[in-house]
Amino acid sequence: PHRDQLAHGAEVELLDERALDERFPWLNADGIGAATFGTGGEGWFDPAAALRKVQEEATALGARFVADEVVAIRTSDDRVRSVELRTGGSIECGHVVDAAGPAAAAVAGLAGATIPVEPRKRTVSLFRPGTEIEDFPNLVDPTVEGRGLYVRPYRDGLYMAVIAPRPERDPATFDQEPDTYLWDEIVRAAVGRRVRGFEDAELVGGWAGHYEMNTFDQNAILGPHPAVDGFWLACGFSGHGVMHAPAAGRGIAELITRGAYEALDLSPFSYDRIERGHALDDVQPSEARVQRAGV
C-alpha cells in the first residue's frame with residue numbers, strides 16, 4: 001500500500017520504531033512495528049465552513065437551497081416524480097439524490113427503497129493535557145481495543161480525541177448526548193499511554209455527532225437504486241463523508257447528466273455490490289474491525 005501511495009504522488013513516509021522515536025520524541029512507540037506519516041497535502045479543516053463555501057458557490061451558479069423537510073417521495077411507473085414538503089407543496093422532479101447522511105435509510109424508505117445505513121453516535125472528547133506538544137499531527141492509533149483512536153490539536157491548548165464505542169454499546173440512534181464514559185474507560189488511559197506528557201490529561205468538554213454507518217461494509221453507496229428509476233444514492237460514508245463528498249458529488253452529477261462516470265470510476269461503490277454480497281475491504285480505522293482492511 002505504501003508503494004502504491006508513492007506511485008500515485010502521495011507524500012507519505014514509512015517509519016519504523018527507531019525513526020518514530022527520532023521524529024516524534026513525545027510518542028511512546030511501544031507495540032508499533034511501523035507507521036506512516038504524510039509530509040505534504042495533509043491536515044484538517046472546518047467541515048461547516050467548507051459546506052458554507054460550497055453553498056455560496058452553488059448559489060452563485062444558480063442552485064436553489066430550500067430549508068424544509070421531505071415527507072414523501074411520489075413515484076409512478078417505478079420512477080421518481082416529485083417530493084412533498086413538510087411545510088406544504090411539492091417539487092416536481094425526475095431525479096432525487098439521497099445524501100441525507102444518518103437519515104439516508106429513512107429517506108430511501110419514502111421512495112420504497114431499502115439501504116443498510118444507520119445513524120451511529122460518535123463522541124468527541126475535548127481535553128487539556130499537562131504538556132502542550134508543538135507540531136502535533138493527526139495521530140491515529142489503531143492498537144486501542146481493536147479499533148482506532150484519533151487524537152489531534154483543537155485550539156487554545158486543547159486537544160480532541162475520538163474512538164468508536166464497542167459494537168454492543170453502539171446502537172442506531174439520533175441521540176446527541178456525549179458518551180463521557182469513553183473518556184473515563186478508554187480514552188484517558190490510551191492517550192496517556194501513547195503520548196508522553198498526556199498522562200494527566202483532563203477532560204474539559206466535548207460533543208457528539210452521527211456517522212451514517214453502512215452496516216454492510218462501512219463504505220459509501222453511490223449511484224442508482226435498482227428499485228426506483230431516478231432515485232440516486234450518495235450516502236453510507238461511515239465517517240469518510242467530509243473527505244469524499246466533492247468527488248462523490250461530481251460522480252453522481254456525471255451519472256445524472258451524462259450517463260456515466262468520467263473523472264473517476266466510482267462503480268465499485270454501487271448498490272449492486274450489496275445485492276451480490278461483495279463487501280469492499282476498506283474499513284474505517286476508527287471502527288471495530290469486522291474484516292481485515294487491505295486497501
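Read on for an overview of the structure. (Residues numbered from 1 in each chain as written. Predicted model: local features only at pLDDT ≥ 70, side-chain atom pairs only at ≥ 80, totals over all residues. Heavy atoms only, no water.)

## Describing the overall build of the chain
Scanning the chain from N- to C-terminus turns up seven helices and 13 strands. Taking 295 residues into account, the globule formula puts the C-alpha radius of gyration at 19 Å, and the chain, at 21 Å, falls close to it. If one aligns the C-alpha atoms of the chain with their principal axes, the spans along those axes are about 65 × 45 × 40 Å. Within the chain, buried positions represent 39% of all 295 residues. Of the contacts formed within the chain by residues at least 6 apart in sequence, a portion of 60% connects residues at least 24 apart. Carbon and sulfur atoms form 51% of the exposed surface of the chain, whose accessible area is close to 16500 Å². (Helix = DSSP H or I, 4+ residues; strand = E, 2+ residues; numbered from the N terminus. Rg over C-alpha atoms; globule rule 2.2 N^0.38 Å. Buried < 20%, exposed > 50% of the residue type's maximum accessible area, 1.4 Å probe, protein only. Contact = heavy atoms within 4.5 Å. Areas by Shrake-Rupley, 256 points an atom, 1.4 Å probe, with all protein chains shown as cover.)

## A look at unusual backbone geometry
At Asp78, a residue that is not glycine, the phi angle is positive and equals roughly 60°. Structurally, Asp78 is set in the loop between strand 3 (70-76) and strand 4 (79-85). Even without a glycine there, the phi angle at Gln218 is positive, about 65°. Among the secondary structure elements, Gln218 is positioned in the loop between strand 11 (202-214) and strand 12 (221-224). We classify Gln218 as buried; its relative accessible area is 11%.

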